[in-house]
Amino acid sequence: METRFIIWSSVVAMLLVVFAVKAFSDFRKGKKHHFIEIGSDAEMFYCPGDPKPSDQE
């Protein structure tokens with residue numbers, strides 16, 4: 001039981017470090033990062049084989 005918790009905590013800590021480094025790197029470069037983005041239905045629910053909007057002429 002204790003080993004599972006240590007492994008889980010280690011994985012979560014590594015992910016947090018990676019996200020923090022990425023956010024800091026983007027902040028230094030002046031990039032804006034949007035945590036919530038709004039897109040069209042075609043972008044959110046794309047199924048392979050669906051025609052692209054540019055194909056519908």
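One can find the structure itself at the top, above this paragraph.
What this report covers is the structure whose coordinates are included nearby. Just so it is clear, the structure is predicted and the values come from calculations on it, not from any experiment.

Counting secondary structure elements, the chain contains two helices and zero strands. In the chain, which comprises 57 residues, the share counted as buried stands at 2%. Approximately 6,100 Å² of the chain is accessible, and the part contributed by carbon and sulfur atoms is 66%.

Together, Ile 7, Val 11, Met 14, Leu 15 and Phe 19 line one region of the surface with nonpolar side chains, adding up to about 520 Å² of accessible area. Residue position: Leu 15 is located in helix 1 (residues 2–29).

Between the first and last C-alpha of helix 1 there are 41 Å, a value that for 28 residues agrees with the 40 Å anticipated at 1.5 Å per step. Of all 28 residues making up helix 1, only one are buried, and the element is barely covered by its neighbours.

What counts and what doesn't
- Residues numbered from 1 in each chain as written.
- Predicted model: local features only at pLDDT ≥ 70, side-chain atom pairs only at ≥ 80, totals over all residues.
- Heavy atoms only, no water.
- Helix = DSSP H or I, 4+ residues; strand = E, 2+ residues; numbered from the N terminus.
- Buried < 20%, exposed > 50% of the residue type's maximum accessible area, 1.4 Å probe, protein only.
- Areas by Shrake-Rupley, 256 points an atom, 1.4 Å probe, with all protein chains shown as cover.
- Patch = residues over 30% accessible without salt bridge, like charges linked within 9 Å, V, L, I, M, F, W, Y side chains within 5 Å.
- Salt bridge = Lys/Arg side-chain N within 4 Å of Asp/Glu carboxyl O.
- Expected span 1.5 Å × (residues − 1).

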